Amino acid sequence: GAVVSQHPSRVICKSGTSVKIECRSLDFQATTMFWYRQFPKKSLMLMATSNEGSKATYEQGVEKDKFLINHASLTLSTLTVTSAHPEDSSFYICSATYGASGLQETQYFGPGTRLLVL
Amino acid sequence: ELKVEQNPLFLSMQEGKNYTIYCNYSTTSDRLYWYRQDPGKSLESLFVLLSNGAVKQEGRLMASLDTKARLSTLHITAAVHDLSATYFCAVDFQGAQKLVFGQGTRLTINP
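Residues numbered from 1 in each chain as written. Chains lettered and ligands numbered in written order. Predicted model: local features only at pLDDT ≥ 70, side-chain atom pairs only at ≥ 80, totals over all residues. Heavy atoms only, no water.

## Here we look at the state of the cysteines
Put plainly, two cysteines are in a disulfide when a covalent bond ties their sulfur atoms together. Using the following cut-off: Cysteine sulfur atoms are paired as a disulfide whenever they come within 2.5 Å of each other. Here a helix means four or more residues in a row that DSSP labels H or I, a strand means two or more in a row labelled E, and each is numbered from the N terminus. For every residue, the accessible area (1.4 Å probe, protein chains only) is compared with the maximum for its type, and the residue is labelled buried under 20%, exposed over 50%, or partly exposed between those bounds.
This structure, assessed with the given rule, holds 2 disulfides over all chains. Each sulfur of the disulfide joining A:Cys23 and A:Cys94 lies 2.0 Å from the other. Between A:Cys23 and A:Cys94 the disulfide shows an S-S torsion of about 80°. By sign, it is right-handed. You can see A:Cys23 sitting in strand E3 (residues 19-25) and its partner A:Cys94 sitting in strand E9 (residues 90-97), a full 71 residues away along the chain. As far as burial versus exposure is concerned, A:Cys23 and A:Cys94 are alike and both buried. Across the disulfide, B:Cys23 is cross-linked to B:Cys89 (sulfur-sulfur distance 2.0 Å).

## Looking at the nonpolar core
Applicable threshold: To define a nonpolar core, start from buried Ala, Val, Leu, Ile, Met, Phe, Trp, Tyr and Cys residues and group those joined through side-chain atoms within 4.5 Å.
In this structure, A:Trp35, A:Phe67 and A:Leu115 are the most contacted members of the largest nonpolar core, which totals 27 residues. For this core, the elements supplying multiple residues, two or more each, are strand E2 (10-13), E3, strand E4 (32-38), strand E5 (44-51), strand E7 (67-73), strand E8 (76-81), E9 and strand E11 (113-117) of chain A. Membership of the second largest hydrophobic core comes to 25 residues, among which are B:Val4, B:Cys23, B:Leu49 and B:Val91.

## Describing the sheet that holds E7(A)
All names here are of chain A. To be explicit about the condition: Strands qualify as paired when DSSP identifies two bridges or more between them. For helices, the axis comes from a line fit to the C-alpha atoms of the stretch in contact; other axes are also lines fit to C-alpha atoms, and the angle between any two N-to-C directions lies between 0 and 180 degrees.
Taking strand neighbours across the sheet as the criterion, the 4 strands line up as E1-E3-E8-E7 in an open arrangement whose pairing is antiparallel. Each edge of the open sheet carries a strand with a single partner, namely strand E1 (4-7) and E7. Across the sheet, the mean angle from the axis of one strand to that of its neighbour is 15°, orientation sign disregarded. With 5 bridges connecting them, E7 and E8 associate as antiparallel partners. Bridging across to E8, Phe67 finds its partner in Val81.

## A few points about the confidence of the model for chain B
Formally: What pLDDT expresses is the predictor's confidence in each residue, scored from 0 to 100.
Averaged over all residues, the pLDDT of chain B is 92; the fraction at 70 or higher stands at 97%. The secondary-structure element of chain B with the lowest mean pLDDT is strand E10 (residues 99-101) of chain B, recorded at 91, while strand E8 (residues 71-76) of chain B shows the highest, at 97.

## Here's the deal with the interface of chain B and chain A
The figure often quoted for interface size is the accessible area lost as the parts come together. Our working definition: Here, two residues are considered to be in contact whenever any of their heavy atoms come within 4.5 Å of each other. Buried area is a sum: the accessible area each of two parts loses on coming together, probed at 1.4 Å, counted once for each and added. Each salt bridge in this description consists of a side-chain nitrogen of Lys or Arg and a carboxyl oxygen of Asp or Glu lying within 4 Å of one another. The term polar contact refers here to a pair of N or O atoms within 3.5 Å; inside protein, the definition further demands a hydrogen-donor-capable atom paired with an acceptor-capable atom, and it admits residues adjacent in sequence only when both atoms are side-chain atoms. For this scheme, ten residues count as nonpolar: Ala, Val, Leu, Ile, Met, Phe, Trp, Tyr, Cys and Pro. Four count as charged, namely Asp, Glu, Lys and Arg, and the remainder, Gly too, count as polar.
Across the boundary between the two partners, chain B contributes 19 residues, which contact 22 residues of chain A. When chain B packs against chain A, the two sides together hide about 1,500 Å² of surface, and 50% of this comes from carbon and sulfur. Its largest share of buried area at the contact with chain A, chain B owes to B:Ser42, B:Gln97 and B:Lys98, together 33% of the area lost on that side. Viewed at the interface, chain A and chain B are joined by 1 salt bridge. Notably, a salt bridge pairs A:Glu59 with B:Lys98, separated by 3.0 Å at the nearest N-O pair. Seen at the junction of chain B and chain A, the total is 4 residue pairs in polar contact (both at pLDDT 80 or more). For the side of chain B that touches chain A, the per-class residue count stands at 8 nonpolar, 7 polar and 4 charged.

## Details of the pairing of strand E6 (residues 55-58) of chain B
All names here are of chain B. Relative to strand E7 (residues 61-66), E6 runs antiparallel, the two being bridged by 4 bridges. What sits directly across from Gln57, in E7, is Met62. Where E6 folds back onto E7 in an antiparallel hairpin, the turn is made up of 2 residues, including Gly59, whose phi is positive at roughly 65°.

## Topic: the sheet that holds strand E1 (residues 4-7) of chain B
Residue and element names in this part refer to chain B. As summarised here, the arrangement of the 5 strands in space is E1-E3-E8-E7-E6, forming an open sheet in which the pairing is antiparallel. Each having just a single partner strand, E1 and E6 make up the two edges of the open sheet. Averaged over neighbouring strand pairs, the angle between their axes works out to 15° when direction is ignored. Inspection of the sheet shows E7 paired to E8 by 6 bridges, in the antiparallel sense.

## Observations concerning a nonpolar patch on the surface
All names here are of chain A. Condition: The patches reported here contain residues having more than 30% relative accessible area and no salt bridge. Joining distances are 9 Å for like charges and 5 Å for nonpolar side chains (Val, Leu, Ile, Met, Phe, Trp, Tyr). Computed with a 1.4 Å probe, the accessible areas rest on the Shrake-Rupley method; for each residue, only the protein chains presented here act as cover.
Taken together, the side chains of Ile12, Leu116 and Leu118 make up a nonpolar region of the molecular surface, amounting to roughly 310 Å² of accessible area. Topologically, Ile12 is positioned in strand E2. Overall, Ile12 belongs to the exposed group, its relative accessible area being 57%.

Right under this line is the structure:
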């Protein structure tokens with residue numbers, strides 16, 4: 001159980017275009033989803049926290065107009081990188097948690113999406 | 001400032017040896033996680049440590065938590081090549097589920 005998927009797994013786009021990344025919890029309802037960014041050989045940095053039906057909470061330094069997050073249902077959150085530039089190239093990973101008592105102990109991570117902006 | 005620091009950042013060891021990875025954090029927390037990441041892959045959850053003195057073991061890996069010292073350790077016993085990966089610790093400060101990750105320890109186990 002507790003499987004999280006991401007789509008696409010890999011995307012290449014031209015500078016100036018927008019890219020949407022989907023994060024789905026396949027076998028549970030995720031009350032909270034998180035979006036992380038990881039540069040090569042670096043650690044994960046939390047970008048934003050998203051709760052179903054409400055606006056995402058962005059970490060300091062993350063541009064909310066550039067990284068649009070929508071959490072439309074308990075099983076789906078999307079991250080849209082708008083007007084992408086080469087410096088946005090990175091590995092984007094989502095995670096999700098349960099909300100039930102005793103189960104909110106760990107985040108389940110998706111497989112990640114590798115974005116390359118040319 | 002919330003900081004999580006791992007030591008060492010790089011570790012190359014021979015099969016059959018024992019070693020320990022350390023994870024220090026800057027502010028009180030009683031939730032600490034260990035993850036494994038293989039190259040090009042996402043994170044695999046290894047351990048969740050929820051209280052002072054917690055110790056968990058899975059195969060050749062054992063993790064412990066000392067909340068008073070703000071220190072967690074990941075001990076590898078009789079290492080095998082399959083354990084080669086990058087290991088991250090992450091701390092949940094204030095129970096907000098907002099994880100702050102350490103830098104990661106890249107572990108290479110040589111035959």
